[in-house]
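As a plain string of letters, each chain reads:
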Amino acid sequence: MQEMFADLHIHIGRSEKGKPIKITAARSLNFANIARECADRKGIQIAGIIDCASPYVIEDIEEFLKTGEAYEIADGGIVYKDKVCIILGSEIETAEVNENGKTGSAHNLCYFPTLKDIKAFSNEMSHYINNITLSSQRACISAYQLIDIVEKYNGILIPAHIFTPHKSFYGNCTSRLERIFKEKFDKIFAVELGLSSDTELADYISELETKTFLTNSDAHSLPKIAREYNKVLLEDISFKELVRALRNEAGRKVVANYGMDPKLGKYHRTYCETCDMPIEGRPPVVECHNCHEDNITMGVFDRIITIADKEESKSPKNRPPYVYQVPLTFVPGLGAKTIEKLLNSFENEMNILHKLSEDDIEGVVGSKIAKTIIAAREGKVRIASGGGGVYGHIEIG
């Protein structure tokens, strides 16, 4: 068995020919660049690219395989230079009806073992999506219907960033996933927490006790890959092995989630859109204390407390630890050029975040930044909470 790092939510901004895929993502995010970034800079061994149902991306993958740098394997996945296994995925937005009879939207991460499978999935989903070439497009079906289509092509479905105020199941669709998936609920064996939550918060909800938690980057640029990721125990890198780990089968498992402190997320606390400010205070906050209006974006923390069915967070015995980390891009005073110096000296970001001593780091970037990186690693920094689409930040001094 081997321990490996996995980030299973990475977007593509443009195709190799410049065709738009994820409009809000960087142009440099294409299939080949993501493979190289994970292998050479991030130290990620399993990468889930979730825009692979776009015909433009499928074309890029086919051309990439022709170069000989990457190849498909029998157990599923595309291996790049024997360093990274790329899992082919698609993020699909479904239409859900909430408890009040109103329509909400939720994102679903769908993963497939082979290029043949995702091509067939793309072809079928083109009947439900107006523009299959673009990422995260709204399908005129529910997740209850979608999971059958995913399984038809040998795939798995994982609810994405489940607490985010926009485009998520708990955020704006339901207080219980089981109400959405009904008798198919047991087919959901993993969920993605999202940047504004963590294990402690998610385990206020009892129906999640049987689900594996994932922490992924939802990267919209190359530097943001692996801002959150997972350590998994596998026999080797493949789709089949990853699924066994998510199911906790035959000794395969997720052994740790590495994520940002939820306060750094964009939607951790409720935000008043009228006053344009986050609202602190004991959760749940459902109106602004300043203007007393309800023109708010409810925070993840506040939403979880609202729908919680447990008086205290208690994780099941097999729940892996959630390890707080501060991505290099969030460290004050650490700009792109300085990060590049660190990467050139220490190979990849995993080494910097987890392995190097303060003296090693200080030798490259100086004492002040080195102390901040170590303090962030040890959870000894102050964090101002994010909300309303604005990231939290580290406060120094």
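Everything below is about the structure shown above.
A quick note: this is a predicted structure, and the numbers were derived from the prediction, not measured. In every chain, residue numbers begin from 1 and rise along the written sequence. Given that the model is predicted, a residue must reach a pLDDT of at least 70 before its local features are reported, and side-chain atom pairs must reach 80 or more before they are shown or counted; all residues, however, enter totals for whole chains, interfaces and linings. Side-chain descriptors were evaluated using all non-hydrogen atoms of the structure, hydrogens and water having been removed beforehand.

## Some words on the sheet that holds strand β13 (residues 277-278)
Test applied: In this scheme, strands are said to pair when DSSP sees at least two bridges between them. Working definition: helices are DSSP H or I runs of at least four residues, strands are E runs of at least two. Numbering for both runs from the N terminus.
Strand order across the open sheet formed by three strands is β13-β12-β14, with antiparallel pairing between neighbours. Among the strands making up the open sheet, the edge pair consists of β13 and β14 (296-297). Where strand β12 (residues 271-272) and β14 come together, two bridges link them in antiparallel fashion. Its bridge partner being in β14, cysteine 272 is matched across the sheet by isoleucine 296.

## Remarks on unusual backbone geometry
Selection rule: Under the scheme applied here, a residue whose accessible area is under 20% of the maximum for its type counts as buried, over 50% as exposed, and between as partly exposed, the area being computed with a 1.4 Å probe on protein chains only.
Looking along the chain, the bond that leaves proline 283 and enters proline 284 is cis, with omega of 5°. Mapped onto the fold, proline 284 is located in the loop between β13 and β14. Even without being glycine, lysine 167 reaches a positive phi, approximately 60°. Locating lysine 167 in the fold gives a position in the loop between β7 (156-159) and α5 (169-172). Look at lysine 167 and you get partly exposed, because its relative accessible area is 34%. One non-glycine residue, lysine 182, lies in the positive phi region at around 55°.

## Section: the packing of aromatic side chains
Selection criterion: Each aromatic pair joins two rings of Phe, Tyr and Trp (for Trp, the six-membered one) with centres within 6.5 Å, and gets the label stacked for planes under 30 degrees apart, edge-to-face for over 60, and tilted for any other angle. Counted as over-ring charges are cases with an Arg CZ or a Lys NZ within 6 Å of the ring centre that also lie within 35 degrees of the ring normal.
Taken as a whole, this structure holds ten aromatic pairs when the rule is applied. With centroids separated by 5.6 Å and ring planes inclined at 50°, the aromatic side chains of phenylalanine 169 and phenylalanine 181 adopt a geometry described as tilted. Within this pair, whereas phenylalanine 169 is found in helix α5, its partner phenylalanine 181 is found in helix α6 (residues 177-181), the two being separated by twelve residues in sequence. For the residue pair phenylalanine 169 and phenylalanine 181, the accessibility class agrees, reading buried in each case. Between tyrosine 322 and tyrosine 324, the ring centres sit 5.5 Å apart and the planes meet at 70°, which makes this aromatic pair edge-to-face. Tyrosine 322 sits in the buried class, given a relative accessible area of 16%. Clustering of aromatic rings is evident, with ring pairs tying together Phe5, Tyr229 and Tyr258. Sitting over the ring of tyrosine 144, lysine 182 keeps its end group 5.1 Å from the ring centre. The positively charged end of lysine 184 is found above the aromatic ring belonging to tyrosine 144, 3.5 Å away from the centroid.

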